[in-house]
Amino acid sequence: MSVSAALVRLTSPIVLRVPGNAARKLHGFARAEAGSMLDLRYAAAASPSPARRALYLRHALDEARHAGLFARAGDDLLARGGRPPVGPPRAEADGLWDRLGELGFVAFVHRGERRGCVRLQAFRDCFASDPRIVAVFDAVLEDERRHEAYTGALLLELAGSPKLARRALRRAAAWEAWRTFRRAGRALVEPLWAILSILTFLTLLPLAWVLRRPVRGSWR
Ligand SMILES: [Fe+2]
Ligand SMILES: [Fe+2]
């Protein structure tokens, strides 16, 4: 079992019990699926191979369906709690094709599908008491396993050998780690700036008070 799946199994039974968290998680999945759909649609338009364009397009249609399934499941949970729906997800493409090229793109997607299968299975088991949600996960997982298999075969075909396919996977992993680091850095910049501004203000406040005090014996 991967570390990520183990963490999901350990923490999710508690985290998902917090009101609203289960629906938030399902809508998060919907956004991720919609983002994948956009990148795959781009790939379907950009690939030089008609056969691969067809594969990417079919994959994009699957991800669009998954986005809808997760969004409706999230809204279903919200409705059961008497809360308003969130509706269809809004997502942005990651520009993976332009950044990684076709081999890197397929390696990245294959890694994502492999990890997604493990994580979705773990979440599916956390929702085991809710047959409607479990049915959604089962339908999605069936497609994700197919995606994992075809992207694995395609990666090998594009790389030309198992050794080069493994190298492409390592490069995709390194690029993803760098992207995660950059995103975390961007997310931290604002709170760090706020904390530094407050600290600077508190440090300079006594100095400002001293400077504004009238000096005894001053000629003014
Ligand atoms: Fe999916
Ligand atoms: Fe997928």
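Let us look at the structure shown here. (Residues numbered from 1 in each chain as written. Chains lettered and ligands numbered in written order. Predicted model: local features only at pLDDT ≥ 70, side-chain atom pairs only at ≥ 80, totals over all residues. Heavy atoms only, no water.)

### Observations concerning the overall build of the protein
Threshold: Starting at the N terminus, helices and strands are each numbered in turn, a helix being any DSSP run of H or I of at least four residues and a strand any DSSP run of E of at least two. The reference for a compact globule is 2.2 Å times residues^0.38; the radius of gyration itself is calculated from the C-alpha atoms. Relative accessibility decides the category of a residue: with a 1.4 Å probe and only protein chains considered, values under 20% of the type maximum give buried, values over 50% give exposed, and everything between is partly exposed.
When you go through the protein residue by residue, the secondary structure sums to six helices and zero strands. Its helices and strands taken in sequence order, the protein reads α-α-α-α-α-α from the N to the C terminus. Taken over C-alpha atoms, the radius of gyration comes to 24 Å for the protein, far larger than the 17 Å a tight globule of 220 residues would show. Per-residue burial over the protein gives 36% buried out of 220 residues.

### As for the environment of Ser 161
For the record, the criterion: Contacts described as polar in this section are N or O atom pairs within 3.5 Å, which, within protein, must combine one atom able to donate a hydrogen with one able to accept it, while residues neighboring in sequence count only if both atoms come from side chains.
Assignment of secondary structure puts Ser 161 in the loop between α5 (131-159) and α6 (162-212). A distance of 3.1 Å separates a polar atom in the side chain of Ser 161 from the backbone nitrogen of Leu 164.

### Quick notes on the coordination of the iron ion (ligand 2)
Heads up, the rule is: Coordinating donors are taken to be N, O and S atoms lying within 2.8 Å of the metal, or within 3.2 Å when the metal is Na, K or Ca; because water is excluded from the atom set, some sites may appear incomplete.
Within the protein, the iron ion (ligand 2) binds to Glu 63 (OE), Glu 113 (OE), Glu 113 (OE), Glu 144 (OE) and His 147 (ND1); these donor distances fall in the range 2.0 to 2.4 Å. Between consecutive donors of the iron ion (ligand 2), the numbers of intervening residues give the motif E-x49-E-x30-E-x2-H. The distance between the iron ion (ligand 2) and the iron ion (ligand 1) comes to 3.4 Å, with Glu 63 serving as a donor to both metals. Separated by 31 residues along the polypeptide, Glu 113 in helix α4 (residues 96-126) and Glu 144 in helix α5 bring together distant segments of the chain. For Glu 113, a relative accessible area of 7% puts it in the buried group. On the basis of relative accessible area, Glu 144 is assigned to the buried category, the value being 4%.

### Some thoughts on the packing of helix α3 (residues 50-80) against α5
Worth spelling out the cut-off: Axis lines are fitted to C-alpha atoms, over the contacting stretch for helices. Their N-to-C directions set the angle, which ranges from 0 to 180 degrees. Put simply, angles under 35 degrees are roughly parallel, angles over 145 are roughly antiparallel, angles from 65 to 115 are roughly perpendicular, and the rest are oblique. Crossing handedness: left-handed means the near helix sits turned counterclockwise from the far one by under a right angle, and right-handed means the same turn made clockwise. Think of it as three bins: nonpolar holds Ala, Val, Leu, Ile, Met, Phe, Trp, Tyr, Cys and Pro, charged holds Asp, Glu, Lys and Arg, and polar takes everything else, Gly as well.
Direction vectors running N to C along α3 and α5 enclose 160°, while the axes themselves pass 10 Å from each other. One finds that α3 runs roughly antiparallel with respect to α5. As for the relative orientation of α3 and α5, their crossing is left-handed in sense. Per-class residue counts for the contact of α3 with α5 are 13 nonpolar, four polar and 12 charged.

### Considerations on the pattern of salt bridges
Quick note on the threshold: The rule for a salt bridge is simple: a side-chain nitrogen of Lys or Arg has to be within 4 Å of a carboxyl oxygen of Asp or Glu.
Tallied over the full model, the rule gives 14 salt bridges. With its nearest N and O atoms 3.1 Å apart, the salt bridge here joins Asp 76 to Arg 80. One end of the pair is Asp 76 and the other is Arg 80, both in helix α3 and four residues apart, which spans about a single turn. Arg 111 is the salt-bridge partner of Glu 176, the closest N and O atoms lying 3.0 Å from each other. Taken together, the residues span a long stretch of sequence, with Glu 176 in helix α6 and Arg 111 in helix α4 at a distance of 65 residues. Assigned by exposure class, Glu 176 and Arg 111 land together as buried.

### Things to note about a positive patch on the surface
Under the convention used in this document: Patches in this entry comprise residues that are over 30% relatively accessible and not in a salt bridge; like charges within 9 Å are linked, as are nonpolar side chains (Val, Leu, Ile, Met, Phe, Trp, Tyr) within 5 Å. The accessible surface values rely on the Shrake-Rupley method and a 1.4 Å probe; as for residues, cover is taken only from the protein chains in view. For the purpose of counting charges, residues Lys and Arg are taken to be positive, whereas Asp and Glu are taken to be negative. His and the chain ends are not included. Positions of charges follow a simple convention, taking NZ of Lys, CZ of Arg, CG of Asp or CD of Glu.
Together, Lys 163, Arg 166, Arg 167, Arg 170 and Arg 171 give the surface a local cluster of positive charge. Of note, Arg 166 is situated in helix α6. Arg 166 gets classed as partly exposed once you look at its relative accessible area, which sits at 48%.

### What to know about the packing of α4 against α6
Selection criterion: Whether two residues touch is decided by their heavy atoms; if any such pair falls within 4.5 Å, the residues are in contact.
Where α4 contacts α6, the axes come no closer than 9 Å and their chain directions differ by 95°. The pairing of α4 with α6 is recorded here as roughly perpendicular in orientation. Listed contacts from α6 to Leu 96, Arg 99, Leu 100, Leu 103, Gly 104, Ala 107, Phe 108, His 110, Arg 111, Arg 114 and Arg 115 of α4 are Ala 168, Leu 169, Ala 172, Ala 173, Trp 175, Glu 176 and Arg 179. Classifying every residue of the contact of α4 with α6 gives 10 nonpolar, two polar and six charged.

### Focus: the packing of aromatic side chains
Condition: The rule is short: rings of Phe, Tyr and Trp, with Trp giving its six-membered ring, pair when the centres are within 6.5 Å, and they are stacked under 30 degrees, edge-to-face over 60, tilted in between.
One pass over the structure, following the stated rule, counts 10 aromatic pairs. Look at Phe 70 and Phe 137: their rings are 5.4 Å apart centre to centre, the planes differ by 65°, and that puts the pair in the edge-to-face class. On the criterion of sequence distance, the pair formed by Phe 70 in helix α3 and Phe 137 in helix α5 is long-range, its members being 67 residues apart. A residue is classified by how much of its surface remains accessible, and Phe 70, at 0% relative accessible area, is buried. Overall, Phe 137 belongs to the buried group, its relative accessible area being 0%. Taken together, the aromatic side chains of Phe 29, Phe 70, Phe 123, Phe 127 and Phe 137 make up a single cluster linked through ring pairs.

Keep in mind that these numbers describe shape and distance, not what the molecule does.
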